[in-house]
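So the chains spell out like this:
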Amino acid sequence: MRNEWWKDAVIYQIYPKSFKDANGDGIGDLAGIQEKLPYLKELGVDALWLSPVYLSPQVDNGYDISDYYQIDPMFGTNEDMVQLIREAHKLDLKIIMDFVANHTSDQCQWFQESRKSKENPYSDFYIWQDGKADGSEPNNWGSSFGGSAWTWDDSRQQYYLHYYAKEQPDLNWENPRVRQAIYDMMIYWKNLGVDGWRLDVITSISKDWDFPDNPRPFAKNNQHNGPRMHEFIHEMNQKVLTPFDMMSVGEAPASGAEDAHLLVDPKRQELDMVFTFQHMHIDRKKGDVNDRWALQAPDFIQLKQIMSQWQKELEGRGWNALYFENHDRARIVSRWGDDDSYRYESATAFATILHGMKGTPFVYQGEEIGMTNPKFPLADYIDVELKGNFQHYVEQQQTLTAEEFLAAVHKVSRDNARTPMPWNDSANGGFSTGTPWFQLNPNYPDINVLADQKAQKSVFHYYQKLIRLRHEEAILKEGSYRLLLPEHPTIFAYERRLKRKKWLVVANLSDSPQELQALLPLTAGEIRLSNYQDSLAQSRLRPYESFIYESGTKTEKL
Ligand code: TEU
Ligand code: CA
């Protein structure tokens, strides 16, 4: 029986480049993370997931790896990594590394060899195809970063496939030598003490080798859940994850609640958890040519329905990974909450909803102090996705104006979450004594760790309490889940039950008061956590008011 430690855990994601720079070169590093271990301990989390720190040309901030066995010198050395793991373990913090093996960097030696010829030991490490008779791309697949998913290579005289930037060629998982090379790499890091993996776009590793066109040019329907996906993941589980006892959480962008159990049912021995994308798309216009840049107001009825469906579908056959933020997502207070008048209230309301559910909550750096999206002018952003998409949608396809694009960027672009962590109100927020690789959010003099910890209304302290509750109360881990008021447009309310204990988790996801007592009469219980005073004395929920309520012994009709 595996020790399923992650079921009791809250996991904190670190984006190393932007967390803490210890040597003043403007780039966050491993020594910086080590310096902040006491902070993370104070917050109360149990494990750290580090976005990629391997050798990389940084076209996609490390999601383009050129050597899986080496820490990039900008972050430190392999010895620094070993030391970080050791120090983390002393504090009872587990370390999860990012596994990026759907693709490598084009600077990876494997690709350098592969492109040389059709007959060499690495020629089948990537996905090479001839062009069509007229020399054009093998099919109409699009890259997530704009344009075609195929790039012509002069030396090899063929096209290679890349779901992301052209500097990120996709690996050929059909080749058993590729799979073995990846397992070897995982074992190498396991031997250095790593406790688990976050598997980047793991659902993309199997391709349809008939390469059929998508319904429309540049679409990306082909990218996930290919024919041999489960087989490959199961093999990895049997060769590495289970025998070496490593936790796994896979990114599953196209999986739905109804099929996710195929990835996470323990009986199937594939992954421990997956990250769904479904709940993050409630503010997206479905099927629009502008894909992720086509936005609408968030539909919270849909949010409740999707998250509840995941709770239900995985009950007894899987375990949920719970998140609202990560390095690809915007700041939740700016995206779905109110980052101005109700920043504290909305940050804590979303946190309450997430951490009250069954599953493993993930906290993304800065989320615990209610960081907001910066509203930079277009020229100040640097993300490869944003730039590629600007070129594609604004310049080439012309389906968006630059103004429309910028408005969407301010809401959902990935750079929103990548500004350096502000630790205090000193220069550069105490992130670095040098020039930061990416500018800080200009509001850092007000929104920073120190200020938040000292504030009357502290998001940090609220997170501390949420995390403590999870550690102390089995009902949060084991209790059953039932959605209440499914049709209410802004109140997210659900019940957790364990034996005779009954908890209610309630949040008003709006800036206007909402009648509550008439819908859910609460009387004889106790408020366990709330982001306002006197929650029970009120008949209405105030803006973004949220709380966790434990029912009293008197039976109540709900
Ligand atoms: O992201 C996978 C993914 O699906 C992205 O397309 C993501 O949804 C997108 O950036 C938001 O539109 C993973 C990593 O998390 C991301 O940082 C990498 O850029 C990407 O894979 C390629 O490795
Ligand atoms: Ca540094």
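The model shown is predicted, which means the values in this text are computed figures rather than measured ones. (Residues numbered from 1 in each chain as written. Chains lettered and ligands numbered in written order. Predicted model: local features only at pLDDT ≥ 70, side-chain atom pairs only at ≥ 80, totals over all residues. Heavy atoms only, no water.)

It is at 10 Å that the axes of helix 5 (residues 176–191) and helix 6 (residues 229–241) come closest, and there the two elements cross at 40°. As judged from the angle between their axes, helix 5 and helix 6 are oblique. Where helix 5 crosses over helix 6, the two elements pack in a sense that is right-handed. Residue-level contacts link Arg 179, Gln 180, Tyr 183, Met 186 and Ile 187 of helix 5 to Phe 232, Glu 235, Met 236, Lys 239, Val 240 and Leu 241 of helix 6. (Axes fitted to C-alpha atoms, helices over the stretch in contact; angles between N-to-C directions. Helix = DSSP H or I, 4+ residues; strand = E, 2+ residues; numbered from the N terminus. Parallel < 35°, antiparallel > 145°, perpendicular 65-115°, else oblique. Left-handed = near helix turned anticlockwise from the far one by under 90°. Contact = heavy atoms within 4.5 Å.)

Around ligand 1 sit 17 residues, and of these Asp 60, His 103, Asp 200, Asp 328 and Arg 414 come closest. In this structure, an oxygen atom belonging to ligand 1 sits 3.0 Å away from a side-chain N or O atom of Arg 292. About the coverage of ligand 1: the protein hides 95% of its 490 Å² of free accessible area. Of the residues assigned to the shell around ligand 1, the class counts are six nonpolar, two polar and nine charged. (Near = heavy atom within 4 Å. Polar contact = N/O pair within 3.5 Å; in protein donor to acceptor, adjacent residues only side chain to side chain. Areas by Shrake-Rupley, 256 points an atom, 1.4 Å probe, with all protein chains shown as cover. Nonpolar A, V, L, I, M, F, W, Y, C, P; charged D, E, K, R; others polar.)

All right, on to the coordination of the calcium ion (ligand 2) then. Looking at the metal site, the calcium ion (ligand 2) is ligated by Asp 21 (OD), Asn 23 (OD1), Asp 25 (OD), Ile 27 (O) and Asp 29 (OD), spaced 2.3 Å from it. Of note, the calcium ion (ligand 2) draws all its donor residues from one chain, in the sequence arrangement D-x1-N-x1-D-x1-I-x1-D. Classification of Asp 21 as buried rests on a relative accessible area of 4%. (Donors = N, O, S within 2.8 Å, 3.2 Å for Na, K, Ca; no water. Buried < 20%, exposed > 50% of the residue type's maximum accessible area, 1.4 Å probe, protein only.)

Every other side chain in a regular strand lies on the same face of the sheet, so the side chains alternate between the two faces. Of all six residues in strand 5 (residues 94–99), five are buried, a share of seventy percent or more. Here strand 2 (residues 47–50) pairs with strand 5 via four bridges, running parallel. Within strand 5, the residue paired with Leu 48 across the bridge is Ile 95. Relative to strand 9 (residues 196–199), strand 5 runs parallel, the two being bridged by four bridges. Residue Met 97 lies in a different strand from strand 9, and its bridge partner there is Trp 197. (Pairing = 2+ DSSP bridges.)

So, on to the domain arrangement of the protein chain. We note that the domain assignment places domain 1 (9–103 + 176–462), domain 2 (104–170) and domain 3 (478–551) within the protein chain. Counting residues at the interface gives 24 residues for domain 1 and 26 residues for domain 3. If you sort the residues of domain 1 by the area they bury against domain 3, Lys 304, Ile 353 and Tyr 462 come out on top, with a joint share of 27%. Connecting domain 1 to domain 3 are zero salt bridges. Our enumeration of links across domain 1 and domain 3 arrives at 14 residue pairs in polar contact (both at pLDDT 80 or more). Of the residues in the side of domain 1 that touches domain 3, the class split is twelve nonpolar, seven polar and five charged. (Domains from an automatic or database assignment. Buried area = accessible area lost by both parts, 1.4 Å probe. Salt bridge = Lys/Arg side-chain N within 4 Å of Asp/Glu carboxyl O.)

Let us look at helix 8 (residues 300–313). The end-to-end C-alpha distance of helix 8, which contains 14 residues, comes to 20 Å, matching closely the 20 Å that a straight helix rising 1.5 Å per residue would cover. All buried positions along helix 8 are accounted for by Phe 300, Leu 303, Lys 304, Ile 306, Met 307, Ser 308, Trp 310 and Gln 311. The secondary structure elements touched by the buried residues of helix 8 are helix 7 (257–264), strand 11 (273–276), strand 12 (321–322), helix 10 (343–355), strand 14 (480–484) and strand 15 (491–498). With a side-chain oxygen lying 3.1 Å from the backbone nitrogen of Ile 301, the N-terminal cap of helix 8 falls on Asp 299. (Expected span 1.5 Å × (residues − 1).)

One open sheet holds the eight strands; their spatial order is 11-10-9-5-2-1-13-12, and the pairing between them is parallel. Both edges of this open sheet fall to strand 11 and strand 12, since each of them pairs with a single strand only. Contacts from helix 5 reach strand 5 and strand 9 within the one sheet, and its direction differs from that of strand 5 by about 160°.

Here the focus is the pattern of salt bridges. One pass over the full model with this rule turns up 37 salt bridges. Glu 167 serves as the salt-bridge partner of Lys 166, at 2.9 Å between the closest nitrogen and oxygen. For Lys 166, a relative accessible area of 45% translates into the label partly exposed. Because the salt bridges share partners, they merge into one network encompassing Asp 60, Arg 292, Asp 328, Asp 383, Glu 385, Arg 414 and Arg 418.

The bulk of non-glycine residues show a negative phi, and the bulk of peptide bonds are trans. Of note, Gln 58 is a non-glycine position whose phi angle comes to about 65°, a positive value. Here Gln 58 shows up in the loop between strand 3 (54–55) and strand 4 (67–71). Of note, Gln 157 is a non-glycine position whose phi angle comes to about 60°, a positive value. Within the secondary structure, Gln 157 sits in the loop between strand 7 (150–153) and strand 8 (158–161). Since its relative accessible area comes to 46%, Gln 157 is described here as partly exposed.

Within the span of helix 12 (residues 402–412), buried status applies to Phe 405, Ala 408, Val 409, His 410 and Val 412. For helix 12, the secondary structure elements touched by its buried residues are helix 9 (332–335) and helix 11 (384–396).

Here the focus is the pairing of strand 20 (residues 546–550). Most of strand 20 is tucked away: five of the five residues are buried. The two faces of strand 20 match: Ser 546, Ile 548 and Glu 550 on one face and Phe 547 and Tyr 549 on the other face are all buried. As paired strands, strand 16 (residues 501–508) and strand 20 are joined by five bridges and run antiparallel to one another. Bridge pairing in strand 20 links Leu 504 to Tyr 549.

Let us now look at the side chain of Asp 21. Mapped onto the elements, Asp 21 comes out in the loop between strand 1 (11–14) and helix 1 (30–35). Lys 20 provides the closest opposite charge to the buried, unpaired Asp 21, separated from it by 7.6 Å. In terms of polar contacts, Asp 21 uses its side chain to reach the backbone amide nitrogen of Gly 24, at 3.1 Å. Those residues within four positions of Asp 21 in sequence are excluded, and the remaining contacts are Gly 26, Ile 27, Gly 28, Asp 29, Phe 431 and Ser 432. (Lys, Arg positive; Asp, Glu negative; His and termini not counted.)

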